[in-house]
Amino acid sequence: MSKRNKANLKIPNWLKLDNAALIYPSTLSKKYASMFRLTITLNEIVDEKILNEALLNVINRFPSFCYELKKGLFWFYMKKNKLNPIIEEDYNNPMLRINFKKYNNYMFRVRYYDKRIAVEYFHALTDGAGGLKFISTLVGEYIKIKYKERINYNDIVFNPNVKASRREYSDDFYKYARIDSNLEYEKFAYHYKGTLENGSKLNVITGIIPLENLKNMSKKYNCTLTCLITSLLIWSLQKIYYSDKRKYKKKNIKVSIPVNLRNYYNSKTVRNFSSYINIGIYTGYGHYSLEEIINIVKNNMELNLTEKKLNAKFSANVKLSKNFAIRIMPMFIKKHMLSLSEKMLGDNYCTTTLSNLGLITFPKVLEKYIDEVGFAIGKSRGKPGSVSCIGYKDNLYITFTRKIKESEFERLFFTELINNNIPVLIESNRR
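Nothing here was measured: the structure is a model prediction, and the numbers come from that model. (Residues numbered from 1 in each chain as written. Predicted model: local features only at pLDDT ≥ 70, side-chain atom pairs only at ≥ 80, totals over all residues. Heavy atoms only, no water.)

Turning to the overall build of the protein, a few remarks are in order. Each helix and strand in the protein was counted, giving 11 helices and 15 strands. Relative to the globule expectation of 22 Å for 431 residues, the C-alpha radius of gyration of the protein, 21 Å, shows essentially globular dimensions. When the backbone C-alpha atoms are referred to their principal axes, the protein occupies close to 65 × 55 × 40 Å. Counting all 431 residues of the protein, 56% fall into the buried class. Sequence separation of 24 or more characterises 76% of the internal contacts of the protein that already satisfy a separation of 6 or more. (Helix = DSSP H or I, 4+ residues; strand = E, 2+ residues; numbered from the N terminus. Rg over C-alpha atoms; globule rule 2.2 N^0.38 Å. Buried < 20%, exposed > 50% of the residue type's maximum accessible area, 1.4 Å probe, protein only. Contact = heavy atoms within 4.5 Å.)

Rendered as structure tokens:
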């Protein structure tokens, strides 16, 4: 049996959860856990033994991944895990609530099927950017072992033999929070309805789209790709809103966009370090054309994607977690309070989520072995579904996940792309 790489074992016996992670353990239930999934598809069938060896080689390069979730008197916290992580074959139904004991108490699980390597993460552990670094390093090590390649490491593929810096497992919310803070008041958003799937079933549809075509469309409207995709999502949701048989009066249609705060600060953390902005339209003002929606989204992104606005938002959350009354509240009360707060407020402020990890660039030696990448968000408690995207080489991979049977949202979105002469190749986990 392979042994873990012994490097980088000098880490604290326990860690506090980062500020963004505090909410996630309290919302865990039998049916729900905040999960996301990253996949890398190779051009040859995955060797299970080599993948396991690679995992044991890289796990200690990510100190914050070497912990298990524990419940304390006042807060959940993370305790150092001395067991080995394990791998398993992939399932057709992704991102089921993670059974920590089954995976030696790790907050992630590594899966494989045919040519695909997947890692599913509980959000208390990390965000999309941190998760991307882990799976990329894992695949880099796998390719290094199997094909005897020499890797030119970069900012997403780490060298497993280089000692991790303390900055990689710091809570940068506390590090960069300032005294002045502000959580702006938001109105509830429209939620489209559908027929709930049975049990934990999650529908996944991915559209593979040529990047060049999307760039041409974004140039036409003088906007970024994220702005274009957000606007197309809002345009599609608007069509659903006006066809909804329920009688609505004035409603907001909003897309929540996670924001990687590493782009604004000198941060090296692989824990959670992201915020969000909610952008949309107000239906009380009437029907919007796509061009009008793009202008609204573009202007709102310019106003809200600033360091000062984002800092004020996450500083307010840090300030709240430091509140004396909340700190001394016993965990069994705090857990129910946080869960109820998230259930009543969290998903109600947006219609859907768009998480964009951007265009991924692997070291050149790895690219000849990697065919595709993927990114998907797990089931939401309140929203019917979520959207995520990631780019690699010449394609953008846009994935819709939903807990309802109806696929009208995806159909409208992809049809509008096709109407703009943008080809779309559809993949799904349902037959």
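Let's pick the thread back up.
For the rest of this paragraph, the subject is the sheet that holds strand 10 (residues 274-282). The seven strands lie next to each other as 10-9-11-13-14-8-15, forming an open sheet whose pairing is mixed. Two strands in the sheet have a free side with no partner beyond their single neighbour: strand 10 and strand 15 (425-428). For this sheet, the mean inter-axis angle between neighbouring strands, taken without regard to orientation, is 20°. Direction of pairing for strand 8 (residues 203-210) relative to strand 15: antiparallel, over a ladder of four bridges. (Pairing = 2+ DSSP bridges. Axes fitted to C-alpha atoms, helices over the stretch in contact; angles between N-to-C directions.)

Tallied over the entire structure, the rule returns 31 aromatic pairs. Taking the centre distance of 5.0 Å and the plane angle of 85° together, the rings of Tyr241 and Tyr242 count as edge-to-face. You can call Tyr241 buried: its relative accessible area is 7%. Residue Tyr242 is classed as partly exposed on the basis of its relative accessible area of 42%. Its end group placed over the ring of Tyr91, Arg111 keeps NZ or CZ at 4.3 Å from the ring centre. (Phe/Tyr/Trp six-rings, centres within 6.5 Å; stacked < 30°, edge-to-face > 60°. Lys NZ or Arg CZ within 6 Å of the ring centre and 35° of its normal.)

A word on empty space enclosed by the protein. The final tally for this structure, using the stated rule, is two cavities of 30 Å³ or more. Estimated volume of the largest cavity: approximately 40 Å³. Every residue lining the largest cavity is listed: Tyr192, Gly385, Ser386, Phe400, Thr401, Arg402, Glu406, Phe409 and Glu410. Listed by contribution, the elements that provide at least two residues to the lining of the largest cavity are strand 13 (385-392), strand 14 (395-402) and helix 11 (408-419). Sort the elements by how many residues they give to the lining of the largest cavity and strand 14 lands first, with three residues. Tallied by class, residues from the lining of the largest cavity come to three nonpolar, three polar and three charged. What the second largest cavity holds in volume is close to 30 Å³. As for the second largest cavity, its lining consists of Leu202, Gly378, Lys379, Ser380, Lys383, Pro384, Gly385, Ser386, Thr401, Arg402 and Lys403. (1 Å grid on protein atoms, 1.4 Å probe; cavity = no way out; pocket = protein on both sides within 12 Å on 5 of 7 lines; lining within 4 Å. Points joined across faces, edges and corners; volume = space filled by probe spheres on them. Nonpolar A, V, L, I, M, F, W, Y, C, P; charged D, E, K, R; others polar.)

To continue, consider the domain arrangement of the protein. By a frequent convention, interface size equals the accessible area lost on bringing the separate parts together. Taken as a whole, the protein is organised into domain 1 (14-167) and domain 2 (203-360 + 379-428). Taking the mean C-alpha position of each, domain 1 and domain 2 sit 24 Å from one another. Here domain 1 meets domain 2 over a buried area of about 2,800 Å², counting both sides, of which 60% is carbon and sulfur. For the domain 1 face of the interface with domain 2, the top three residues by lost area are Phe74, Trp75 and Arg167, together amounting to 22%. Taken together, the links from domain 1 to domain 2 amount to one salt bridge. Arg262 is the partner of Asp127 in a salt bridge, and the nearest nitrogen-oxygen pair spans 3.0 Å. Our count for the domain 1 to domain 2 interface comes out at 10 residue pairs in polar contact (both at pLDDT 80 or more). Among the secondary structure elements, those contributing two or more residues to the side of domain 1 that touches domain 2 are strand 1 (14-16), strand 4 (76-80) and helix 2 (128-147). Residue contributions to the side of domain 1 that touches domain 2 peak at five residues, all from helix 2. (Domains from an automatic or database assignment. Buried area = accessible area lost by both parts, 1.4 Å probe. Salt bridge = Lys/Arg side-chain N within 4 Å of Asp/Glu carboxyl O. Polar contact = N/O pair within 3.5 Å; in protein donor to acceptor, adjacent residues only side chain to side chain.)

With that settled, consider the pattern of salt bridges. Across all of its chains, the model carries 21 salt bridges by this definition. One salt-bridge network, in which partners are shared between bridges, spans Arg37, Glu88, Asp90, Lys102, Arg109, Arg111, Arg116 and Glu120.

Let us look at the packing of helix 4 (residues 211-220) against helix 5 (residues 225-243). Between helix 4 and helix 5, whose axes approach to 9 Å, the crossing angle comes to 85°. When the axis of helix 4 is compared with that of helix 5, the two are roughly perpendicular. Facing Leu211, Leu214, Lys215, Met217 and Ser218 of helix 4, the residues of helix 5 in contact are Leu225, Leu228 and Leu232. Class assignment for the residues of the contact of helix 4 with helix 5 results in six nonpolar, one polar and one charged. (Parallel < 35°, antiparallel > 145°, perpendicular 65-115°, else oblique.)

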